[in-house]
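# Notes for the structure review
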Amino acid sequence: MTLLWSSRSPFVRKVMVVAHEAGVAQALRLERMVVSGATMTPEVMALNPLNKIPTLVLVDGSALFDSPVIAEYLSTTHAGGALLPAEGEAHWQALRLQALGDGLMELSIARIAEAGRGEARSAEREAAFQAKTVATLDLLEREAASLAPVTLGSIAVACALAHLDFRFPGDDWPGARPSLAAWHADFGTRTSMRETAFQDIY
Ligand SMILES: N[C@@H](CCC(=O)N[C@@H](CS)C(=O)NCC(=O)O)C(=O)O
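Presented here is an overview of the structure given in this document. Everything quoted here is computed from the prediction, not taken from an experiment.

### Structural notes on the environment of Ala38
Turning to its location among the elements, Ala38 is positioned in the loop between strand S2 (29-32) and helix H2 (42-45). Residues Ala38 and Ala113 lie 75 residues apart in sequence; the distance between their C-alpha atoms is 9.6 Å.

### Quick notes on the nonpolar core
Membership of the largest hydrophobic core comes to 43 residues, with the highest contact counts inside it found for Val15, Val18, Leu152, Val157, Ala158 and Ala160. Looking at this core, the elements that each hand over two or more residues are strand S1 (2-5), helix H1 (10-22), helix H3 (67-78), helix H4 (88-115), helix H5 (123-142), helix H6 (152-167) and helix H7 (178-187). The element contributing the most residues to this core is H6, with ten residues. Three or more residues apiece are contributed to this core by two domains, here domain 1 (2-78) and domain 2 (88-190). Those residues within four positions of Val18 in sequence are excluded, and the remaining contacts are Ala71, Leu74, Ser75, Leu83, Leu152 and Ile155.

### Digging into the packing of H4 against H6
Put simply, H4 and H6 touch, their axes get as near as 6 Å, and they point 20 degrees apart. Between H4 and H6, the crossing angle belongs to the class labelled roughly parallel. Relative to H6, H4 is oriented so that their crossing is left-handed. Residues of the contact of H4 with H6, tallied by class, amount to 13 nonpolar, seven polar and three charged.

### What to know about the packing of H4 against H5
Where H4 contacts H5, the two axes come as close as 10 Å, and the packing angle between them is 155 degrees. If you check the angle between H4 and H5, you find them roughly antiparallel. Read as a crossing pair, H4 and H5 show a hand that is left-handed. In contact with Leu100, Gly103, Leu104, Leu107, Ala110, Arg111 and Glu114 of H4, H5 contributes Arg125, Glu126, Phe129, Lys132, Thr133, Thr136 and Leu140. Here the residues of the contact of H4 with H5 sort into six nonpolar, three polar and five charged.

What counts, and at which threshold
Residues numbered from 1 in each chain as written. Predicted model: local features only at pLDDT ≥ 70, side-chain atom pairs only at ≥ 80, totals over all residues. Helix = DSSP H or I, 4+ residues; strand = E, 2+ residues; numbered from the N terminus. Core = buried A, V, L, I, M, F, W, Y, C linked by C-beta atoms within 7 Å. Buried ≥ 20, exposed ≤ 12 C-beta atoms within 10 Å, placed from the backbone. Domains from an automatic or database assignment. Contact = placed C-beta atoms within 7 Å. Axes fitted to C-alpha atoms, helices over the stretch in contact; angles between N-to-C directions. Parallel < 35°, antiparallel > 145°, perpendicular 65-115°, else oblique. Left-handed = near helix turned anticlockwise from the far one by under 90°. Nonpolar A, V, L, I, M, F, W, Y, C, P; charged D, E, K, R; others polar.

Distances and angles like these do not, on their own, reveal function.
Next up, the structure:
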(Lines give C-alpha, C1' and ligand atoms only; values in the text may rest on other atoms or scores of the structure.)
Protein backbone atom coordinates (compact mmCIF):
# COMPACT_ATOMS: atom_id res chain seq x y z
CA MET A 1 0.00 0.00 0.00
CA THR A 2 1.17 3.52 -0.76
CA LEU A 3 0.24 6.49 1.41
CA LEU A 4 0.33 9.96 -0.13
CA TRP A 5 2.02 11.57 2.84
CA SER A 6 3.49 14.72 4.36
CA SER A 7 5.43 15.17 7.59
CA ARG A 8 3.39 18.30 8.38
CA SER A 9 -0.21 17.12 8.01
CA PRO A 10 -2.14 16.25 11.19
CA PHE A 11 -4.57 14.11 9.18
CA VAL A 12 -1.66 12.12 7.74
CA ARG A 13 -0.14 11.74 11.19
CA LYS A 14 -3.43 10.36 12.49
CA VAL A 15 -3.46 7.53 9.95
CA MET A 16 0.25 6.89 10.54
CA VAL A 17 -0.38 6.55 14.29
CA VAL A 18 -3.27 4.18 13.52
CA ALA A 19 -0.95 2.18 11.22
CA HIS A 20 1.62 1.86 14.01
CA GLU A 21 -0.99 0.90 16.59
CA ALA A 22 -2.48 -1.64 14.15
CA GLY A 23 0.96 -3.10 13.40
CA VAL A 24 0.91 -2.30 9.67
CA ALA A 25 3.21 0.71 9.45
CA GLN A 26 5.88 -1.40 7.75
CA ALA A 27 3.41 -2.31 4.99
CA LEU A 28 3.02 1.35 3.98
CA ARG A 29 5.23 2.92 1.34
CA LEU A 30 5.24 6.68 1.95
CA GLU A 31 5.17 9.05 -1.00
CA ARG A 32 5.80 12.65 -0.01
CA MET A 33 3.38 15.23 -1.43
CA VAL A 34 3.29 19.00 -1.23
CA VAL A 35 -0.34 20.14 -1.26
CA SER A 36 -2.25 23.34 -0.75
CA GLY A 37 -5.94 24.17 -0.83
CA ALA A 38 -5.20 26.97 -3.31
CA THR A 39 -3.41 24.79 -5.88
CA MET A 40 -3.65 21.36 -7.44
CA THR A 41 -1.10 18.57 -7.14
CA PRO A 42 -1.48 16.36 -10.25
CA GLU A 43 -0.17 13.18 -8.56
CA VAL A 44 -2.82 13.56 -5.84
CA MET A 45 -5.60 14.68 -8.22
CA ALA A 46 -5.07 11.55 -10.32
CA LEU A 47 -6.05 9.42 -7.32
CA ASN A 48 -8.23 11.74 -5.26
CA PRO A 49 -10.14 14.50 -7.07
CA LEU A 50 -10.39 16.42 -3.78
CA ASN A 51 -6.59 16.90 -3.93
CA LYS A 52 -6.24 15.96 -0.27
CA ILE A 53 -3.79 13.90 1.70
CA PRO A 54 -3.82 11.39 3.23
CA THR A 55 -4.83 9.25 0.28
CA LEU A 56 -4.15 5.52 0.53
CA VAL A 57 -3.47 3.56 -2.66
CA LEU A 58 -4.35 -0.10 -2.19
CA VAL A 59 -2.55 -3.00 -3.87
CA ASP A 60 -5.21 -3.17 -6.61
CA GLY A 61 -4.52 0.48 -7.51
CA SER A 62 -7.73 1.86 -6.05
CA ALA A 63 -7.56 4.80 -3.66
CA LEU A 64 -9.12 5.33 -0.24
CA PHE A 65 -9.78 8.74 1.35
CA ASP A 66 -10.33 10.69 3.57
CA SER A 67 -8.52 10.13 6.88
CA PRO A 68 -11.48 8.65 8.84
CA VAL A 69 -12.01 6.12 6.04
CA ILE A 70 -8.31 5.21 5.88
CA ALA A 71 -8.11 5.00 9.67
CA GLU A 72 -11.11 2.67 9.80
CA TYR A 73 -9.72 0.56 6.95
CA LEU A 74 -6.35 0.12 8.68
CA SER A 75 -8.00 -0.50 12.02
CA THR A 76 -10.76 -2.93 11.09
CA THR A 77 -8.80 -4.79 8.42
CA HIS A 78 -5.55 -5.16 10.29
CA ALA A 79 -6.17 -4.73 14.02
CA GLY A 80 -9.27 -6.85 14.47
CA GLY A 81 -11.31 -3.73 15.07
CA ALA A 82 -9.57 -2.98 18.34
CA LEU A 83 -9.15 0.71 17.54
CA LEU A 84 -12.81 1.12 16.59
CA PRO A 85 -15.18 -0.77 18.89
CA ALA A 86 -17.72 -2.57 16.70
CA GLU A 87 -20.89 -1.29 18.29
CA GLY A 88 -22.64 0.41 21.15
CA GLU A 89 -21.67 3.48 23.11
CA ALA A 90 -17.93 2.79 22.74
CA HIS A 91 -18.29 2.84 18.93
CA TRP A 92 -20.06 6.19 18.85
CA GLN A 93 -17.76 7.67 21.48
CA ALA A 94 -14.70 6.75 19.39
CA LEU A 95 -16.24 8.35 16.28
CA ARG A 96 -17.36 11.42 18.22
CA LEU A 97 -13.87 11.94 19.60
CA GLN A 98 -12.45 11.47 16.12
CA ALA A 99 -14.79 14.20 14.86
CA LEU A 100 -13.58 16.52 17.62
CA GLY A 101 -9.93 15.77 16.85
CA ASP A 102 -10.43 16.19 13.09
CA GLY A 103 -12.39 19.39 13.70
CA LEU A 104 -9.56 20.82 15.80
CA MET A 105 -7.16 20.00 12.97
CA GLU A 106 -9.42 21.77 10.46
CA LEU A 107 -9.52 24.86 12.70
CA SER A 108 -5.73 24.93 12.93
CA ILE A 109 -5.40 24.58 9.14
CA ALA A 110 -7.92 27.42 8.74
CA ARG A 111 -5.91 29.61 11.15
CA ILE A 112 -2.72 28.94 9.18
CA ALA A 113 -4.47 29.74 5.89
CA GLU A 114 -5.94 32.94 7.33
CA ALA A 115 -2.53 34.06 8.58
CA GLY A 116 -1.23 33.64 5.04
CA ARG A 117 -3.88 35.90 3.47
CA GLY A 118 -1.82 39.05 3.82
CA GLU A 119 -3.94 42.19 3.53
CA ALA A 120 -7.12 40.11 3.24
CA ARG A 121 -6.50 38.61 6.68
CA SER A 122 -9.58 39.06 8.87
CA ALA A 123 -9.38 39.58 12.62
CA GLU A 124 -13.04 38.57 12.85
CA ARG A 125 -12.43 35.23 11.15
CA GLU A 126 -9.33 34.59 13.24
CA ALA A 127 -11.29 35.32 16.44
CA ALA A 128 -14.00 32.85 15.37
CA PHE A 129 -11.41 30.12 14.67
CA GLN A 130 -9.79 30.82 18.06
CA ALA A 131 -13.13 30.75 19.90
CA LYS A 132 -14.08 27.39 18.35
CA THR A 133 -10.64 25.99 19.19
CA VAL A 134 -10.95 27.12 22.82
CA ALA A 135 -14.48 25.72 23.14
CA THR A 136 -13.37 22.34 21.76
CA LEU A 137 -10.35 22.20 24.08
CA ASP A 138 -12.58 23.07 27.05
CA LEU A 139 -14.96 20.26 26.17
CA LEU A 140 -12.04 17.82 25.87
CA GLU A 141 -10.77 18.94 29.29
CA ARG A 142 -14.20 18.17 30.80
CA GLU A 143 -14.28 14.78 29.06
CA ALA A 144 -10.59 13.89 29.47
CA ALA A 145 -11.45 10.63 31.24
CA SER A 146 -13.15 9.37 28.05
CA LEU A 147 -9.82 9.56 26.19
CA ALA A 148 -8.31 6.65 28.12
CA PRO A 149 -9.05 3.82 25.63
CA VAL A 150 -6.74 3.89 22.58
CA THR A 151 -9.18 4.30 19.70
CA LEU A 152 -9.40 6.20 16.42
CA GLY A 153 -10.92 8.95 18.56
CA SER A 154 -8.18 9.33 21.14
CA ILE A 155 -5.56 9.06 18.37
CA ALA A 156 -7.24 11.90 16.44
CA VAL A 157 -7.36 14.11 19.54
CA ALA A 158 -3.70 13.38 20.36
CA CYS A 159 -2.62 14.32 16.83
CA ALA A 160 -4.73 17.50 16.87
CA LEU A 161 -3.15 18.60 20.17
CA ALA A 162 0.34 17.76 18.90
CA HIS A 163 -0.40 19.83 15.80
CA LEU A 164 -1.42 22.79 18.00
CA ASP A 165 1.91 22.46 19.83
CA PHE A 166 3.70 22.28 16.46
CA ARG A 167 2.02 25.25 14.80
CA PHE A 168 0.84 27.43 17.69
CA PRO A 169 3.31 26.96 20.55
CA GLY A 170 2.24 30.32 21.98
CA ASP A 171 -1.34 29.12 22.59
CA ASP A 172 -0.43 27.45 25.91
CA TRP A 173 -3.57 25.30 25.76
CA PRO A 174 -2.25 22.98 28.55
CA GLY A 175 -2.01 25.85 31.06
CA ALA A 176 -5.68 25.88 32.01
CA ARG A 177 -6.45 22.25 31.14
CA PRO A 178 -4.49 19.98 33.49
CA SER A 179 -6.42 16.74 32.83
CA LEU A 180 -6.13 17.00 29.05
CA ALA A 181 -2.48 18.04 29.32
CA ALA A 182 -1.59 15.08 31.54
CA TRP A 183 -3.37 12.64 29.23
CA HIS A 184 -1.65 14.13 26.17
CA ALA A 185 1.81 14.03 27.75
CA ASP A 186 1.32 10.36 28.57
CA PHE A 187 -0.10 9.51 25.13
CA GLY A 188 2.90 11.21 23.54
CA THR A 189 5.22 8.58 25.03
CA ARG A 190 3.64 5.84 22.89
CA THR A 191 5.91 4.46 20.19
CA SER A 192 3.27 5.30 17.56
CA MET A 193 3.48 8.99 18.49
CA ARG A 194 7.26 9.09 18.82
CA GLU A 195 7.73 7.44 15.41
CA THR A 196 5.50 9.96 13.63
CA ALA A 197 6.64 13.35 15.00
CA PHE A 198 5.83 16.38 12.84
CA GLN A 199 8.68 17.81 10.81
CA ASP A 200 8.57 21.11 8.97
CA ILE A 201 10.12 19.90 5.73
CA TYR A 202 8.82 20.61 2.26
N1 LIG B 1 -11.09 15.70 5.75
C2 LIG B 1 -9.79 15.40 5.22
C3 LIG B 1 -8.86 16.60 5.40
C4 LIG B 1 -7.49 16.36 4.80
C5 LIG B 1 -6.78 17.68 4.52
O6 LIG B 1 -7.37 18.77 4.58
N7 LIG B 1 -5.51 17.56 4.14
C8 LIG B 1 -4.76 18.73 3.74
C9 LIG B 1 -3.32 18.62 4.23
S10 LIG B 1 -3.25 18.82 5.98
C11 LIG B 1 -4.73 18.78 2.22
O12 LIG B 1 -4.56 17.76 1.60
N13 LIG B 1 -4.91 19.97 1.63
C14 LIG B 1 -4.85 20.15 0.20
C15 LIG B 1 -6.14 20.65 -0.37
O16 LIG B 1 -7.07 20.97 0.39
O17 LIG B 1 -6.23 20.76 -1.60
C18 LIG B 1 -9.22 14.17 5.91
O19 LIG B 1 -9.64 13.90 7.04
O20 LIG B 1 -8.40 13.46 5.31
